[in-house]
Structures are given as structure tokens and as C-alpha cells.
Amino acid sequence: MRTGTTYQIELLLLRHGATGSNEEGRYLGQTDESLSDAGKQELLRKKLNLSMKQPDLLFSGPMIRCQETAKLLFDTQPILIPEWTEMDFGDFEGKSYRELSGDPDYQAWIDSNGTLAFPGGESREEFIERSKKGLGRMLTKVREWEETNCPAGDLVRTAAVVHGGTIMALLSSLTGGEYFDFQVKCGEGYLVCLSADEQERPVLQDYKKT
């Protein structure tokens with residue numbers, strides 16, 4: 001293992017394609033739902049228009065909608081990061097905003113700007129910590145690959161297909177910004193430039209919306 005080195009990472013963070021629940025405006029967290037036909041077609045159009053380059057390493061959340069998106073866009077098997085499941089929405093899972101209208105627990109959550117834990121589910125703080133742990137796992141995989149395949153200082157190009165919540169959790173943590181400022185639509189995301197050291201401590205260099 002090299003010592004005293006910092007390595008550079010280009011990370012394309014993409015939200016998975018649309019599912020039926022996404023299209024209906026339902027809270028879709030830990031339900032393992034496949035992409036819809038329309039979601040698949042939109043991803044294929046995106047792939048054709050963007051002519052996406054193959055990354056050195058491809059990562060994905062373990063849920064089927066992320067894996068399907070990764071395979072459609074990049075034609076390769078991704079490395080799964082178990083911590084990158086979507087937030088546990090608890091009692092709100094599978095329900096639409098309209099169905100939750102008038103629910104006092106939902107109104108309290110809205111009034112808190114999403115800082116309250118979901119009833120029967122996960123808090124934002126818990127979710128962010130879990131997402132950060134997943135980033136650390138990813139960086140370990142990148143370092144192992146970099147030590148074998150790259151001269152010191154070379155850029156490692158990576159992509160990760162995750163959930164909208166995971167993107168918000170990671171970028172709000174890395175930037176110190178507001179959680180909901182990093183919302184993206186299905187199939188969209190951010191191109192992030194990071195540096196990291198042997199302890200897998202990430203430092204944000206730059207980011208832009210794709």
C-alpha cells in the first residue's frame with residue numbers, strides 16, 4: 001500500500017430511473033420496486049443522448065431499481081454498496097402526498113422541514129450517517145483499485161447509481177449545504193470531484209448538476 005498519498009476521484013452520482021411509484025408521486029423507500037417501462041425508455045434515451053463513457057469503477061445501491069439503472073446505462077455489473085438503500089419512510093411508505101394530506105404526523109414532519117424522524121422509520125441524521133458509511137466503503141474499493149491500476153495522482157473515474165435521498169445526504173454532508181437543495185429528478189444527478197487519503201476521508205473539490 002502506498003503511504004502518504006492523496007488520490008483524485010471523479011464521481012458521477014446518478015439517481016435511478018423512474019418506477020411506477022415515482023410516477024404516481026408515492027413515497028418509495030425500502031420497497032424493492034423495479035423500473036417502469038417508461039422509466040427504462042427514458043434511461044435509454046439518456047444513454048443515447050449523453051454517450052456515457054464507461055467508468056473505471058461502477059457502484060450501485062443494492063435495490064433493484066438502482067441495479068437495473070446501472071446495467072441499462074453502463075452495460076456492466078456494478079459493485080453494490082449495502083448502506084445505499086433509500087431512507088426508511090416508515091408509516092409513509094407507499095403513500096402519496098395527497099393520501100397523507102390531513103395526517104397530523106405528516107403535517108408535523110412537513111412543518112419540521114423534514115428534520116423529524118419518519119413515524120416508524122428513519123431520521124435524517126441516521127440516514128446521512130448510513131449514507132456516509134457507504135461512501136467510505138466505496139472509497140475503500142476505489143483505493144484498492146487505484147493502487148493496482150493507476151499511477152499515483154491519476155484520476156479515478158467512478159459512477160454510482162443511488163437514490164435521490166442518498167444524493168441529498170451525501171452532498172449536504174460534503175458541502176455543509178441544505179439537504180433539500182440537492183433534490184434531483186429520476187435519471188439525473190451530479191458530477192462530483194473528490195480527493196481522499198488512506199483513511200478514506202473525502203474532501204470535496206467541485207460539483208455540478210448533470
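This report concerns the structure included in the present document. Worth saying up front: this structure is predicted, and the values here are computed from it rather than measured.

## Section: the packing of aromatic side chains
For the coordinates displayed, the defined rule picks out 16 aromatic pairs. Each ring, one from F92 and one from Y106, has its centre 5.3 Å from the other, and the planes form 85°; the classification is edge-to-face. On the criterion of sequence distance, the pair formed by F92 in the loop between β3 (79-80) and α4 (97-100) and Y106 in helix α5 (residues 104-111) is long-range, its members being 14 residues apart. Judged on exposure class, the residue F92 and its partner Y106 are both buried. Ring-pair connections join several aromatic residues into one group, and the members of that group are Y27, F89, F92, Y97, Y106, W109 and F118.

## Quick look at the nonpolar core
Ranked by internal contacts, the top residues of the largest apolar core, which has 38 residues, are L13, W84 and M138. Counting residues in each nonpolar core, the second largest holds eleven residues, with L14, L43, L58 and L73 among its members.

## Topic: the sheet that holds strand β5 (residues 189-196)
If you walk across this open sheet you meet the six strands as β3-β2-β4-β1-β5-β6, and the pairing is mixed. Edge positions in the open sheet fall to β3 and β6 (202-209), since each of these has one partner strand only. Here helix α3 (residues 64-74) sits on the sheet in contact with β1 (7-15), β2 (57-60), β3 and β4 (155-162), set at roughly 135° to β4. Each of β1, β4, β5 and β6 touches helix α7 (residues 164-175); the most contacted strand, β1, lies at about 145° to it.

## What to know about α5
Structurally, the α-helix is built with 3.6 residues per turn, so residues lying three or four positions apart point the same way. Where α5 begins, the capping side chain belongs to D103, and its oxygen is found 2.8 Å from the backbone nitrogen of D105. Backbone geometry just downstream of α5 places N113 in the positive-phi region, at approximately 60°.

## Thoughts on α3
The buried count for α3 comes to eight of eleven residues, which makes it a mostly enclosed element. Here α3 has its buried residues at R65, C66, Q67, E68, T69, A70, L73 and F74. D75 lies just past α3 and shows a positive phi near 55°.

## Quick notes on the pattern of salt bridges
Under the definition given, this model contains eight salt bridges. Between R137 and E83 there is a salt bridge, with the nearest N and O atoms lying 2.6 Å from each other. With R137 in helix α6 (residues 124-149) and E83 in the loop between β3 and α4, this pair connects stretches of sequence that are 54 residues apart. R137 gets classed as partly exposed once you look at its relative accessible area, which sits at 37%. Linked through salt bridges whose partners overlap, the residues forming this network are E24, R26 and E99.

Here is what the cut-offs are and how they apply
- Residues numbered from 1 in each chain as written.
- Predicted model: local features only at pLDDT ≥ 70, side-chain atom pairs only at ≥ 80, totals over all residues.
- Heavy atoms only, no water.
- Phe/Tyr/Trp six-rings, centres within 6.5 Å; stacked < 30°, edge-to-face > 60°.
- Helix = DSSP H or I, 4+ residues; strand = E, 2+ residues; numbered from the N terminus.
- Buried < 20%, exposed > 50% of the residue type's maximum accessible area, 1.4 Å probe, protein only.
- Core = buried A, V, L, I, M, F, W, Y, C linked by side-chain atoms within 4.5 Å.
- Pairing = 2+ DSSP bridges.
- Contact = heavy atoms within 4.5 Å.
- Axes fitted to C-alpha atoms, helices over the stretch in contact; angles between N-to-C directions.
- Polar contact = N/O pair within 3.5 Å; in protein donor to acceptor, adjacent residues only side chain to side chain.
- Salt bridge = Lys/Arg side-chain N within 4 Å of Asp/Glu carboxyl O.

Note that every value here comes from positions in space, so none of it alone points to a role or purpose.
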